[in-house]
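Understanding the architecture of this molecule
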Amino acid sequence: MTIYNVYIFDREGQCLYYDEWFRTKQSGLAPIQEYKLVFGMMLSMKSFVDRLATNDSNQTVNYYKTSAYKMTFLESATGIKIILNTDPNATGIRDLLHKIYGAWTETSNSAAKLEIFASNPPNESFLKGRIRDIVMKHSAYV
């Protein structure tokens, strides 16, 4: 099992954080284009699920899986969206996403900091170190 990369987006789709580990194939796109595609895919999946819902309850997309990877989503009440790409057989990824979100909130713990994070990241090296430490200790990190 392998963890490939992580994206953290704000509610408008701006990529606030990106990191990768065992990603062997690059998209061939500029990073900003890749971020827009990943965020757009997540929004499309959410919209698709909402339109096909069989009842009025709040339906959510937890992951998208192919034969080569699994893209797992977490959306917080504040609108922060975390996407983690892993091996399709990786387990415990929801828990890992919650731990990454915890590190995120500890680093940027107020709405004011979230608004300015993209232009002036607070403790960026601290955040990167925390997220890398969390991911590398996970059982799916090989």
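Residues numbered from 1 in each chain as written. Predicted model: local features only at pLDDT ≥ 70, side-chain atom pairs only at ≥ 80, totals over all residues. Heavy atoms only, no water.

- Per an unreviewed UniProt entry, the chain is named Trafficking protein particle complex subunit, and its organism is Caenorhabditis tropicalis.
- The Subunit (unreviewed entry) comment attached to the chain in UniProt states, word for word, "Part of the multisubunit transport protein particle (TRAPP) complex." (UniProt positions renumbered as here; feature names shortened; annotations may be inferred.)

1. Digging into the sheet that holds strand 5 (residues 81–86)
- Spatially, the 5 strands line up as an open sheet ordered 2-1-5-4-3, and their pairing is antiparallel. In the strand order of this sheet, the two ends are held by strand 2 (15–20) and strand 3 (63–65), each with one partner. The sheet shows a mean angle of 10° between the axes of neighbouring strands, direction not considered.
- Strand contacts of helix 2 (residues 93–107): strand 1 (3–9), strand 2, strand 4 (70–75) and strand 5, with the helix running at about 45° to strand 4, the strand carrying the most contacts. (Pairing = 2+ DSSP bridges. Helix = DSSP H or I, 4+ residues; strand = E, 2+ residues; numbered from the N terminus. Axes fitted to C-alpha atoms, helices over the stretch in contact; angles between N-to-C directions. Contact = heavy atoms within 4.5 Å.)

2. Some details on the side chain of Asp87
- Inspection of the secondary structure puts Asp87 in the loop between strand 5 and helix 2.
- An unpaired buried charge is present at Asp87: no salt bridge exists, and Lys65, the closest side chain of opposite charge, is 8.0 Å distant. (Buried < 20%, exposed > 50% of the residue type's maximum accessible area, 1.4 Å probe, protein only. Lys, Arg positive; Asp, Glu negative; His and termini not counted. Salt bridge = Lys/Arg side-chain N within 4 Å of Asp/Glu carboxyl O.)

3. As for the pattern of salt bridges
- Per the counting criterion, the structure on display carries 8 salt bridges.
- Residue Arg132 pairs with Asp19 through a salt bridge whose shortest N-O separation is 2.6 Å. Separated by 113 residues along the polypeptide, Arg132 in helix 4 (residues 124–136) and Asp19 in strand 2 bring together distant segments of the chain.
- Arg132 gets classed as partly exposed once you look at its relative accessible area, which sits at 28%.
- Linking Lys46 and Glu75 is a salt bridge whose minimum nitrogen-to-oxygen distance equals 2.6 Å. With Lys46 in helix 1 (residues 31–52) and Glu75 in strand 4, the pair connects residues that are 29 residues apart, well separated along the chain.
- What makes Lys46 partly exposed here is its relative accessible area of 27%.
- Among the charged side chains, a network of salt bridges with common partners joins Glu20, Arg23 and Glu34.

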